[in-house]
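Architecture at a glance
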Amino acid sequence: MPSDDTKFQPIDFEELKASLDAAQMLLEGAHVVSAHKRREVLHARAVALAGSRHEERQEVVTVLAFQVGGERYAVRIEMVDHVLEARGMCALPGAPRHVLGAVVSRSRIVPVLDLRQLLGLEGGGMSDLGKVVVVEMEDEAFGLAAEVVDGRRELPRAELSQPPPGPFLFLTPDRLTVLDLTQLGNPAAARRG
């Protein structure tokens, strides 16, 4: 039996566990990495991950794309109110040729323009135009007759080029033309068509 004057020294279990883990790794043939080397590796990983989060965001123009007269057009999404089926369109006797008729849209009457007439495009009859893209400029609304609505697209501004003369804002590399509604809705622009 030990004497009273012999004192027990406390055991540091964390240090003992670390020593046992290092010994086990050596027995299994694994390399023991120092704490300093481990910090260097973790720091390098953190820097690499942080760098990947700082990717540059491209400025984009968001549009609603549609087809009419065999061509692809788009309008800026902030100008689009909604898309309707064209089957409820009523004729407007005495209206200019570029005005196909009118639709009731959210309790108001909206004239529908024929881009084929305004832009001098080839096209079929009224049965080809199945959709109406209702757009708003200031407090005025009008519709654009379309054959097919392709949907929302984001166009990188860096890829947009100047379009040919006319009521157009931009042209994409895949020949999608973004319409300038201020020129298109202008009565003087309509008379040129």
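Thresholds applied
- Residues numbered from 1 in each chain as written.
- Predicted model: local features only at pLDDT ≥ 70, side-chain atom pairs only at ≥ 80, totals over all residues.
- Heavy atoms only, no water.
- Pairing = 2+ DSSP bridges.
- Helix = DSSP H or I, 4+ residues; strand = E, 2+ residues; numbered from the N terminus.
- Axes fitted to C-alpha atoms, helices over the stretch in contact; angles between N-to-C directions.
- Buried < 20%, exposed > 50% of the residue type's maximum accessible area, 1.4 Å probe, protein only.

Pairing is mixed across the open sheet formed by five strands, whose spatial order is S8-S1-S2-S10-S9. A single partner strand is all that each edge strand has here, and the edge strands are strand S8 (148–156) and strand S9 (168–171). Adjacent strand axes in the sheet meet at a mean angle of 35 degrees when their direction is disregarded. Strand direction decides the pairing type here: S9 and strand S10 (residues 177–179), joined by three bridges, are antiparallel. Each residue of the ladder has a partner; that of Leu171, found in S10, is Thr177.

On to unusual backbone geometry. The phi dihedral of Ser107 is positive, around 65 degrees, even though this residue is not glycine. Along the polypeptide, Ser107 turns up in the loop between strand S4 (99–105) and strand S5 (108–113). Look at Arg175: it is not a glycine, yet its phi comes out positive at around 65 degrees. Looking at the secondary structure, you find Arg175 in the loop between S9 and S10. By relative accessible area, which is 55% here, Arg175 ends up exposed.

Attention now goes to the sheet that holds strand S7 (residues 140–146). If you trace the five strands from one edge of the open sheet to the other, you get S3-S6-S7-S5-S4, paired in mixed fashion. Here the strands that pair on one side only, and so sit at the sheet edges, are strand S3 (80–85) and S4. Shown here is a sheet whose adjacent strand axes are inclined to one another by a mean of 30 degrees, direction ignored. By the bridge criterion, two bridges tie S5 to S7 in an arrangement that is parallel. The residue bridging Leu113 from the neighbouring strand is Leu144, located in S7.

Taken by themselves, the reported measurements are silent on function.
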